[in-house]
Amino acid sequence: GIRSVEISKDHNLSCQSERQRVTAKGAKIHKVKEGGKEYGIERLWLDNEGPGVSTTRGLGCWQMPEIMLGEPEIEEYDLSPQDSFIVIGTDGLWDVIDTEEAGNLVHNSKRGKEAVENLVKEAKGRWKAKLKVDKYIVGDNPLAADKTDDISAVVCYLNFPNYEEMEILERFNF
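Along each chain, residues carry numbers from 1 onward, in the same order as the chain's sequence is written. Residue-level local features of this predicted model are given only where pLDDT is at least 70; pairs of side-chain atoms are given and counted only at 80 or more, and the full residue set underlies all totals for whole chains, interfaces and linings. No hydrogens and no water enter the side-chain calculation; it runs on all heavy atoms of the structure.

Draft legend 1. Inspection of a negative patch on the surface at higher detail. Candidates for patches are residues over 30% relative accessible area with no salt bridge; among them, like charges are joined within 9 Å and nonpolar side chains (Val, Leu, Ile, Met, Phe, Trp, Tyr) within 5 Å. Method for areas: the Shrake-Rupley scheme with a 1.4 Å probe, in which residue coverage is limited to the protein chains shown. Each reported salt bridge corresponds to a side-chain nitrogen of Lys or Arg within 4 Å of a carboxyl oxygen of Asp or Glu. By the counting rule applied here, Lys and Arg register as positive and Asp and Glu as negative, while His and the ends of each chain are not counted. All charge positions are set by atom: Lys at NZ, Arg at CZ, Asp at CG, Glu at CD. A cluster of like negative charges, contributed by Glu6, Asp10, Asp95, Asp98 and Glu100, occupies part of the molecular surface. Its place among the elements puts Asp98 in the loop between helix H2 (91-94) and helix H3 (99-107). In this structure Asp98 comes out as partly exposed when scored by relative accessible area, which is 41%. Starting at the N terminus, helices and strands are each numbered in turn, a helix being any DSSP run of H or I of at least four residues and a strand any DSSP run of E of at least two. When a residue's accessible area, from a 1.4 Å probe over protein chains only, is under 20% of the maximum for its type it is buried; when over 50% it is exposed; and in between it is partly exposed.

Structure below.
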């Protein structure tokens, strides 16, 4: 079988350090309010105007640049010949598919475009199912009808040289 390893953490309101960072900058945290009731998941707001967001970091975020960091956390992970691919995805993928499931979906797909398509298709189907239960759970505009969260995925396949190739590379100081 395949073993999947999570090598990053989500930057959202379930992360205590991120929660503290954004509230220290003046953000409010609450669910969508409509008709005096709160719905869906907690979101990050600068005021009572929408849209509230559920992540605390994002590349190119125009909604709350003073609070939403585009600065990544850098982690190092030593790869080995047993590592066959890396999956990179947005919260729209990871909020509905866990690391193990993503690994199995990619492993059981044809190498290349099919793996990414299978990940996105599965995530989209899961969002549609969740929305039937709670229409306020997702998206940059949680009040919009018939939506899913943004779902982006990249699969990077890793190819390690065999021992003969390693010896040649070492001789040439690569």
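From this point, the narrative continues.
Draft legend 2. Local environment of H3. Taken as a whole, H3 has its buried residues at Thr99, Ala102, Gly103 and Val106. Seen along its axis, H3 keeps its buried residues to an arc of 100 degrees; they face one direction. Counted as a polar contact is a pair of N or O atoms within 3.5 Å, where, for protein atoms, one must be capable of donating a hydrogen and the other of accepting one, and residues adjacent in sequence contribute only when both atoms are in side chains. Capping the start of H3 is the job of one residue whose side-chain oxygen sits 3.1 Å from the backbone nitrogen of Glu100: Asp98. Here the arc refers to the set of directions running from the helix axis out to each C-beta atom.

Draft legend 3. Looking closely at the confidence of the model for the protein chain. Confidence of the prediction at every residue is given by pLDDT, a number between 0 and 100. For the protein chain, the average pLDDT comes to 82, and 82% of its residues sit at 70 or higher. Taken element by element, the predicted model of the protein chain shows its lowest mean pLDDT in helix H5 (residues 163-171) (70) and its highest in H3 (96).

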